[in-house]
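# Analysis of the macromolecular model
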Amino acid sequence: MRRLLTAAAFCLLAGSAAAQGTPSGTLHIALREDADMLDPTLARTYVGRIVFAGLCDKLFDIDQKLAIVPQLAAGYEWSDPKTLVVHLRPNVQFQDGEAMDATAVKYSIDRHMTMQGSFRRPEISTLDHVEIVDPLTVRLVLKSPSSPFLSQLTDRAGMIVAPKAAETAGKDFALHPVCAGPFKFVERVPQDRIVLERFPEYWDAENIHFDRVIYQPMADTSVRLANLQAGSVDLVEQIVPSDVAAVKRDSRLKLAISNALGYYGITNNVGNGARAETPFGRDKRVRQAFELAIDRTALVQVVYNGMFLPTRQAVPPDSPFYVPQDQPPPRDVARAKALLQQAGATLPVAVDLLTPNSPDVRQAAEVIQSMAAEAGFDVHINTMEFASSLDTAQNGNFQAYLLAWSGRADADGNLYSFLYTGQAQNYSHYSDKTVDALLDQSRAVADVGQRRDLYAKMDAQADQDLPIIYLWTPKNIVGMTAKLQGFRPVPDGMIRLQGLAMAK
Amino acid sequence: MARRRFLQRPSAVGGLVVVVGFVAVAALAPLVAPDDPSATSWSLIRKAPSLLHWMGTDENGRDVLSRVIWGARASLLAGVVSVLIAGGVGVPAGVLAGFAGGRTDAVLSRVVDAMLACPFLILAIALAAFLGPSLQNAMIAIGVTAAPIFMRVARAATLDVAASDYVEAARAVGNPSWRVALRHVVPNIAPPVLVHATLAIAMAIIAEASLSFLGLGQQPPAPSWGSMLNAAQRFLTQAPWLAVFPGAAIFLAVLAFNLVGDGLRDALDPRDGGRS
Amino acid sequence: MRGSLGGRVAQIVPTLLLVTVLVFLLQHLMPGDPASIMAGEEQDPQLIAQIRAELWLDRPLPVQYLHWLGNVLRGNLGYSWRMREPIAHLVAEKLPVTLQLSAMAFCIAVAIGVPTGVIAAVRRNSAWDYLATGVGLAGLSTPNFWLGIMLILLVSVDLGWLPPSGYVPLSEDWRQSLATTIMPAFVLGNAIAAVLMRHTRSAMLTSLDQDFVRTARAKGLSEGRVILRHALRAALVPVVTLGALELGTLLSGAVLTEQVFSIPGFGKLIVDAVFNRDYPVVQGVVLVTATLYVCLNLAADVLYVLINPRLRGA
């Protein structure tokens, strides 16, 4: 009740405040799960990145069209293919008053590269070292040319932490992080809430219209919906497709839907240990038959009410690297059976499908199981919690793995580590010289059109070999109160607080 | 004598009838179920109960009645097998502790105390999750976690029997301990162990349903009542029937085993009135 | 008496030590490498090696155990791998939520279980007795989580009386807090009520049969007085102690109930930790619950001796 009253009170205030430009009120955001460590170097989760969007600014950001725009940087240029010069925004302060300058940038990037347990090091492994040119300029020297490198600085690897605070706190920095974002850290009650408070000295303060932001994890989809309907949260980071109708029916609510950056697909074990030594792992015709047995449109219809997008690619249609002519083949059970016959496989072909233990993915696995059965596959579903499924896949203890990737702004982030010989996320242990060469070339070339053509060639090869059968591109379905204005749906799904305001 | 006492209790007989009914349905599932429990139909997604599908269809267009019937297999199997595991571990340990006494008893009893100190379901969840989700591992997890109580029951019964005249007599004649244990103790502790086992099946069925509800038991597409409830939770407002029927099945089966267990206790072991 | 209590206290030390061994082994039962699980999506070998060294996973098991035990004895339960939060902090954060739920559940259980048990015993073998016994057995046979789902369907979805799930702390708004916890507390209390009812019934049957009750009746005291003042008081002794032991059941039951109602308590903490393979949290939480349970056990024993005059001399 009290919450409703305060909600009503701050709506009134926010209405008048938005007109005058002074920030007020609290924004309540529901997240799908709790974030992990609030340290840009050590953090791993997707929802953690959403909290960082309020807490820590990055050197660069991406906009709604996936173009790279400066944030803490003022601009950049490549002085040669291996040297990136970044000019910093002047007069930027960290939330503890320390100045954000070239020294701080070097400190943060070095921290990403050297700190024990850093999850950023693999992301920026092409970086050799950082040089300070002057207080507002740094030079990033790479080991080899890398066109996707810049896009890494639009995410956690580009977040700059306050050096003094980080140095004092050491490994405990996550308990009271200090950055240069629009809101500063107040408190965190695990599994309950993370509270941030407006940072008045923020460089872009005029675009901030709230005093506080409270992030609350709500794992249960119906709880998120109920809280949004009751007005106890203002914005829900993810509404599930089956709840979309309920939000649309409610005139006090609205939706913002955008394609996500990632994909859902089946990663097939073609060379990772003994489990690859089966017709499914050895013979690409068997995998082709498997793909032809799946009706992606029906699958998405059954599991996601048709809201997600059937695909055959790792990148969404919004990406400049999307190849329009590469469309999913229609379901063809007869051809699938013929392919199995050509391969000389004994029916039914057993396939062990490793599946993370979330209800929608499990349902998708069951649908695939049923569809594949008609073509002569006997799919065994092996569900496991997400963390241990990754470990299992890493050890090659699977034939097929129904895996989602949250996606990165540059196509390289969705492809290289998954398909290139010997890379960390290449669970399939796929290894093809043509594909490797094309992935390398695409890193060395700067022109987007040229890179897309290289990816198109690579797709053609990978579509034949099928180390990964891409199934659908998910969507970011953000639900919010109709009074909330200025929300920008960016494919990375982050909730940017700049420009968000509550109207009357 | 005991049989007559059991048959005089209408509730116990009723429970037995329901248990037999569930066992029959589970055994004859292929004949009784109207449909294939895994047969999907994309045109029948989440249809309410009707004449064609008495309990409606689920999120993949499968017949819920058929799945409840096949689910009985998983639940009863889990109930019986995990109790066999628990009894197989717990009863010998209990007899050993009760009969050998001394240091053996002290050590075994402390281990049991330690295991019982950890909440049952939490231990079972942790075990099942760490072993990897499958019906088999769920049964092992439940069996292992339930074993300490069997040990306590068997130990108490053994202490009772060991103090009796004929056991002391058998010992006095010079029979080796293991022989006395096998010939005289084991047959005499059967009644309390049997009573406990029946009640433990009821508890194990709930435990299996709980694990499956968390996604740690039966794997898809094979149905189990708990995993059906798990799937149902996503569609509570759109398709409530998905939650009603599997839950009712668990309730009935557990109630029946409890009734039979209570009846058995009154018939075999009339001293103990309460339930602990 | 003092000696036997001292013996009981001495006994819990090896028990607790065994609990620590058990809890520690739990982690090492599982297949897979915790370091590689922690390394997450980007499996960097260098990172995995670092994590292994940091967590002492590269030492022999007994060394790891002693290291961990040493920390626990110094009150350091370790850190959550996932959130880097001290586990003691997490426990202090979540335990009150579950305690609130448990306390409410216990009150509900007593309010339902004791009166029905008394009625069933006093009207033994009447329709009332059968009804109470039957309802009690039904309560015992209902899976907690299903009852929770059904209540949400009925009370929240159909009738719209209470919020379906979520939690508001008592300190924030006590009315909202009660509204969010009353259903889960009822679900939790239901099974305990059935157990209490059975205990009350059998304890009442015993005490109604005893000399002092007969004497009281013979003195011409009214039946209600006899039942409430004499029989029930004697019967409550075992009921109270058994009730204390049921708190362990409450903690177990809270696991699924909190899951169904999305309540951020102890049960949810451990389920999330199990699923995220946050082993230190699993270890810490199991250890804390086990210690609580052992201490409650001891308290129940002491209570039993204190309120039962006949045992005092023994």
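Residues numbered from 1 in each chain as written. Chains lettered and ligands numbered in written order. Predicted model: local features only at pLDDT ≥ 70, side-chain atom pairs only at ≥ 80, totals over all residues.

### Comments concerning the overall build of chain B
Selection rule: Each helix corresponds to a stretch of at least 4 residues labelled H or I by DSSP, and each strand to a stretch of at least 2 residues labelled E; elements are numbered beginning at the N terminus. Field definition: a residue is buried when 20 or more other C-beta atoms are found within 10 Å of its C-beta, exposed when 12 or fewer are, and partly exposed for counts in between, with C-beta atoms placed from the backbone. Any pair of residues counts as being in contact when their C-beta atoms, constructed from backbone geometry, are within 7 Å of one another.
In terms of regular secondary structure, chain B is built from eleven helices and zero strands. The C-alpha extent of chain B, read off along each of the three principal axes, is 75 × 45 × 30 Å. Looking at the 276 residues of chain B, the share that counts as buried comes to 57%. Sequence separation of at least 24 residues holds for 71% of the intrachain contacts in chain B that already meet a minimum separation of 6.

### Let's talk about the overall build of chain C
The helix and strand tally for chain C stands at 13 helices and zero strands. Taken from N to C terminus, the helices and strands of chain C fall in the order α-α-α-α-α-α-α-α-α-α-α-α-α. Along the first, second and third principal axes, the C-alpha set of chain C runs to 85 × 60 × 35 Å. Long-range pairs, those at least 24 residues apart, make up 71% of the contacts in chain C with a sequence separation of at least 6.

### Some points on the confidence of the model for chain C
Residue and element names in this part refer to chain C. Convention followed: As a per-residue measure, pLDDT reflects the predictor's confidence and takes values from 0 up to 100.
In this model, chain C carries an average pLDDT of 81, and 91% of its residues clear a pLDDT of 70 or more. In the model of chain C, helix α13 (residues 309-312) stands out as the element of lowest mean pLDDT, 52, in contrast to helix α4 (residues 61-73), which has the highest, 89. In the predicted assembly, ipTM is 0.85 and pTM is 0.84.

### Describing helix α9 (residues 284-293) of chain A
An α-helix turns once every 3.6 residues. As a result, residues three or four positions apart point the same way. Burial within α9(A) is extensive, with nine of its ten residues counted as buried. Turning to α9(A), its buried residues are Arg285(A), Val286(A), Arg287(A), Gln288(A), Ala289(A), Phe290(A), Glu291(A), Leu292(A) and Ala293(A).

### Thoughts on the interface of chain B and chain C
To be explicit about the condition: Only Asp, Glu, Lys and Arg are considered charged in this grouping, and only Ala, Val, Leu, Ile, Met, Phe, Trp, Tyr, Cys and Pro are considered nonpolar; every other residue, Gly among them, is considered polar.
Each side of the interface is counted separately: chain B has 37 residues, and chain C has 40 residues. Contributing elements (two or more residues each) for the side of chain B that touches chain C: α5 (102-117), α6 (120-131), α9 (177-213) and α11 (241-268) of chain B. Element by element, the count of residues in the side of chain B that touches chain C is highest for α11(B), at eight residues. The residue makeup of the side of chain B that touches chain C, split by class, is 27 nonpolar, seven polar and three charged.

### Brief notes about the pairing of strand β15 (residues 349-356) of chain A
Residues and elements named next belong to chain A. Note the following rule: Pairing between strands requires that DSSP locate at least two bridges from one strand to the other. Look down the strands so they point away from you; if the path from the first strand over the helix to the second goes clockwise, the crossover is right-handed.
Note that β15 and strand β16 (residues 377-384) share eight bridges and pair parallel. Residue Leu 353 lies in a different strand from β16, and its bridge partner there is Ile 381. Since β15 and β16 lie parallel, the crossover through helix α12 (residues 359-375) that links them has a hand, and here it is right-handed. By the bridge criterion, two bridges tie β15 to strand β17 (residues 400-405) in an arrangement that is parallel. By the bridge assignment for β17, Leu 354 is matched with Tyr 401.

### Some remarks on the interface of chain A and chain B
Across the boundary between the two partners, chain A contributes 18 residues, which contact 16 residues of chain B. At the level of elements, α10 (296-304), α12 and β16 of chain A are the ones that each hand at least two residues to the side of chain A that touches chain B. At eight residues, α12(A) tops the list of elements feeding residues into the side of chain A that touches chain B. Partitioned by chemical class, the residues of the side of chain A that touches chain B number seven nonpolar, eight polar and three charged.

### Brief notes about the packing of helix α4 (residues 64-100) of chain B against α5(B)
All names here are of chain B. For clarity, the cut-off: The axes used here are C-alpha line fits, helices contributing only the stretch in contact, and every angle between their N-to-C directions lies in the interval 0 to 180 degrees. Convention used here: angles under 35 degrees read as roughly parallel, angles over 145 as roughly antiparallel, angles from 65 to 115 as roughly perpendicular, and any remaining angle as oblique. Two helices crossing with the near one rotated counterclockwise from the far one by less than a right angle form a left-handed crossing, whereas a clockwise rotation gives a right-handed crossing.
Contact geometry for α4 and α5: axes closest at 7 Å, N-to-C directions at 140 degrees. Between α4 and α5, the angle is such that the two are oblique. Seen from above, α4 lies across α5 with left-handed handedness. Along its contact with α4, which presents Ala 93, Leu 96, Ala 97 and Ala 100, the element α5 presents Gly 102, Thr 104, Asp 105, Leu 108 and Ser 109. For the contact of α4 with α5, the class distribution of residues is five nonpolar, three polar and one charged.

### Quick word on the sheet that holds strand β10 (residues 212-217) of chain A
All names here are of chain A. On the basis of which strands lie adjacent, the open sheet formed by seven strands has the order β8-β9-β10-β1-β11-β19-β12 and mixed pairing. Bordering the open sheet on either side are β8 (183-189) and β12 (253-259), each of which pairs with just one other strand. By the bridge criterion, two bridges tie strand β11 (residues 235-236) to strand β19 (residues 475-481) in an arrangement that is antiparallel. In the strand pairing of β19, Leu 235 is matched with Met 480.

### Focus on the nonpolar core
For soluble globular proteins, the rule of thumb is that nonpolar side chains tend to be buried together. Quick reminder of the rule: To define a nonpolar core, we join buried Ala, Val, Leu, Ile, Met, Phe, Trp, Tyr and Cys residues through C-beta atoms within 7 Å and take the resulting set.
Counting residues in each nonpolar core, the largest one holds 174 residues, and the members touching the most others are Ala124(B), Ile125(B), Ala204(B), Ile205(B), Ile250(B) and Ile270(C). Among the elements that make up this core, the one with the highest residue count is α9(B) (19 residues). Discounting residues that sit within four places of it in the chain, Ala204(B) has contacts with Ala78(B), Gly79(B), Ser82(B), Val83(B), Ile142(B) and Ala146(B). Leu59(A), Val86(A), Val138(A) and Ile214(A) belong to the second-largest nonpolar core, a separate cluster that totals 87 residues.

### Here we look at the packing of helix α5 (residues 87-122) of chain C against helix α8 (residues 174-208) of chain C
All names here are of chain C. Direction vectors running N to C along α5 and α8 enclose 35 degrees, while the axes themselves pass 5 Å from each other. Our pair here, α5 against α8, has a crossing hand that is right-handed. Class assignment for the residues of the contact of α5 with α8 results in 23 nonpolar, eight polar and one charged.

### Some remarks on the pairing of strand β1 (residues 26-31) of chain A
All names here are of chain A. The element β1 is extensively covered by neighbouring structure, given that five of its six residues are classed as buried. Relative to β10, β1 runs parallel, the two being bridged by six bridges. Following the sheet pairing, Leu 27 is matched in β10 by Val 213. Taken together, the two bridges between β1 and β11 define a ladder with parallel strand orientation. Across the sheet, residue Ala 30 finds its bridge partner in β11, namely Val 236.

### So, the sheet that holds strand β6 (residues 127-134) of chain A
All names here are of chain A. Spatially, four strands are ordered β4-β5-β7-β6 in an open sheet, and the strand pairing comes out antiparallel. This sheet does not close on itself; its edge strands, each paired only once, are β4 (73-80) and β6. Across the sheet, the mean angle from the axis of one strand to that of its neighbour is 20 degrees, orientation sign disregarded. Judged from the six bridges that link them, β4 and strand β5 (residues 83-88) form a sheet pairing that is antiparallel. From the neighbouring strand, Asp 80 faces β5, where its bridge partner is Thr 83. Packing of helix α3 (residues 102-114) onto the sheet brings it into contact with β5, β6 and β7 (137-142), and relative to β6 it is tilted by some 170 degrees.

### So, the environment of Met38(C)
All names here are of chain C. Here Met 38 shows up in helix α2 (residues 34-38). Taking the C-beta count within 10 Å as the criterion, Met 38 has 24 such neighbours and is therefore assigned buried. Here the alpha-carbon distance between Met 38 and Leu 17, two residues 21 residues apart in the chain, equals 28 Å. The residues touching Met 38, leaving out its near neighbours within four places in the chain, are Ile 51 and Trp 81.

### Notes on helix α13 (residues 386-394) of chain A
All names here are of chain A. A large share of α13 lies buried, amounting to eight of its nine residues. Of the positions making up α13, those classed as buried are Ala 387, Ser 388, Ser 389, Leu 390, Asp 391, Thr 392, Ala 393 and Gln 394. After α13 finishes, the residue Gly 396 shows a positive phi value of roughly 75 degrees.

### Some remarks on unusual backbone geometry
In this structure, the amide linkage connecting Leu347(A) to the following residue, Pro348(A), adopts the cis form with an omega of -10 degrees. When you line up the elements, Pro348(A) lands in the loop between α11 (333-342) and β15. The residue after Pro220(B), namely Pro221(B), is reached through a cis peptide bond having omega 5 degrees. Residue position: Pro221(B) is located in the loop between α9 and α10 (225-232). One non-glycine residue with positive phi stands out, namely Asn305(A), at about 50 degrees. Relative to the helices and strands, Asn305(A) is located in the loop between α10 and β14 (309-310).

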